[in-house]
Protein chains: 2
Amino acid sequence: MEHKTNDVSRRERDCLVVLEEETKDNFPMRLHQIADSLGVKPPTALNVIKRLEHKGLARSRGGMVVLTESGDRAARSILLVHRTFESLLCQSGVPENSACVEAAEVDFIIQESDARLILKKIGNPKYCPHGKPISERDRE
Amino acid sequence: MEHKTNDVSRRERDCLVVLEEETKDNFPMRLHQIADSLGVKPPTALNVIKRLEHKGLARSRGGMVVLTESGDRAARSILLVHRTFESLLCQSGVPENSACVEAAEVDFIIQESDARLILKKIGNPKYCPHGKPISERDRE
DNA sequence: TAATATCATTAGTGTAATACTAAAATATGG
DNA sequence: CCATATTTTAGTATTACACTAATGATATTA
């Protein structure tokens, strides 16, 4: 019915990305830590996490939260779209900081398949303007 | 505080665009007509219109609705972004219909200034894939 | 003009995402 | 075992969206 397979809201996107970046060491995040990262109170963060769990994107036990396989894929997809769009904007002449902000407005909406095609069109840059690798193969 | 100057929701965008396209002859739209175009019931459409009025984008009297100057500008801006993004997607290899659907997901979010820069980067096409003029100067 | 049909509007619900406070339940560490 | 920290529940609020049902207003037309 809906647009994306992994249809996430803005805040859910924030949460996915934070989890993706903070659990690379295989340690889960604590609720309060997530709340701090999102800049909201713990009950609000808990709410977001419950929605993610409901969608099969995260799992939690006693305040310890991890991404599922599916959540990990969703997060990487979002990052790919983000960095692709960011690169497009920068190549077009949008200042780096502005590009990042703008990319964050759409990175959870634009389809990964579209982003991959755009990526090719703009010359398959390996890194986004911030220097982060774009493809999920060469992760930091 | 927010992202866009003319920050409109998805449904408000739909309403703006419908009004823009259906009031070219300077005749206002009726509520029920708007409701039909949006595929919602009149009370729902009325609600959307009230939000637009509140934002200074539309005016209505006795069920007759028109865009304000500001609303007209907002609608054109959205169309410019839509057609630009659509063109980008098509040039990248996304099928036309798909491109249109995807563009509709972001045309009310991406900034006009960004779109103008992207437009230049992709070679300043005069028309979108559907053949509609992109620049607001040469309107149909 | 009066009756009917059409259209607009109000009122009342309901869902989803977002966010808060306050309080209660659970850990955790001494 | 107690104090602190953390999680969780409960309750409230806002915005966008959408509905039904009822009411109000305005036509059209018989």
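### Regarding the relation of the copies chain B and chain A
Placing chain B over chain A gives an RMSD of 0.1 Å and needs a rotation angle of 180°, together with 0.0 Å of translation along the axis. Given the turn and translation reported, the copies of this chain are related as if by a two-fold rotation axis. Of every C-alpha in chain B, the one belonging to B:Val106 sits nearest the axis of rotation, 3.4 Å from it. Mapped onto chain A, 100% of the interface residues of chain B again fall at the interface, so both copies present the same surface.

### What about helix H1 (residues 10-22) of chain A?
All names here are of chain A. For H1, which comprises 13 residues, the first-to-last C-alpha distance of 18 Å matches the rise-based estimate of 18 Å (1.5 Å per residue) to within 8%. When we look at burial in H1, the residues that qualify are Glu12, Arg13, Cys15, Leu16, Val17, Val18, Leu19 and Glu20. Where H1 is buried, its residues touch strand E1 (29-30), helix H2 (31-38), helix H3 (42-54), strand E3 (64-67), helix H4 (69-92) and helix H5 (96-106).

### Comments concerning the domain arrangement of chain A
Residue and element names in this part refer to chain A. We note that the domain assignment places domain 1 (10-71) and domain 2 (73-121) within chain A. Summarising the inter-unit geometry, the C-alpha centres of domain 1 and domain 2 are found 22 Å apart. With eleven residues of domain 1 at the contact, the number on the domain 2 side is eleven residues. Note on domain 1 versus domain 2: buried area summed over both sides is about 940 Å², and carbon and sulfur give 54% of it. Seen at the junction of domain 1 and domain 2, the total is two salt bridges. With its nearest N and O atoms 2.2 Å apart, the salt bridge here joins Glu105 to Arg10. Here domain 1 is connected to domain 2 by nine residue pairs in polar contact (both at pLDDT 80 or more). Elements represented by at least two residues in the side of domain 1 that touches domain 2 include exactly H1 and H4. A per-element tally of the side of domain 1 that touches domain 2 places H1 first, with six residues. Tallied by class, the residues present in the side of domain 1 that touches domain 2 amount to four nonpolar, two polar and five charged.

### As for the protein's contact with DNA strand D
Surveying the vicinity of DNA strand D reveals 17 residues, the closest of which are A:His32, A:Lys50, B:Ser9, B:Arg11 and B:Arg51. Counting only the atoms of DNA strand D that lie within 4 Å of the protein, the sugar and phosphate share comes to 79%. A:His32 has a polar backbone atom sitting 2.9 Å from a phosphate oxygen of DNA strand D. Between a phosphate oxygen of DNA strand D and a main-chain N or O atom of A:Gly63, the distance comes to 3.5 Å. For the surface near DNA strand D, the secondary structure elements donating two or more residues are H2 and H3 of chain A together with helix H1 (10-22) and helix H3 (42-54) of chain B. Residue contributions to the surface near DNA strand D peak at four residues, all from H3(A). Tallied by class, residues from the surface near DNA strand D come to six nonpolar, five polar and six charged.

Reading the values: rules and limits
Residues numbered from 1 in each chain as written. Chains lettered and ligands numbered in written order. Predicted model: local features only at pLDDT ≥ 70, side-chain atom pairs only at ≥ 80, totals over all residues. Heavy atoms only, no water. Least-squares fit on C-alpha atoms with pLDDT ≥ 70 in both. Contact = heavy atoms within 4.5 Å. Helix = DSSP H or I, 4+ residues; strand = E, 2+ residues; numbered from the N terminus. Expected span 1.5 Å × (residues − 1). Buried < 20%, exposed > 50% of the residue type's maximum accessible area, 1.4 Å probe, protein only. Domains from an automatic or database assignment. Buried area = accessible area lost by both parts, 1.4 Å probe. Salt bridge = Lys/Arg side-chain N within 4 Å of Asp/Glu carboxyl O. Polar contact = N/O pair within 3.5 Å; in protein donor to acceptor, adjacent residues only side chain to side chain. Nonpolar A, V, L, I, M, F, W, Y, C, P; charged D, E, K, R; others polar. Near = heavy atom within 4 Å.

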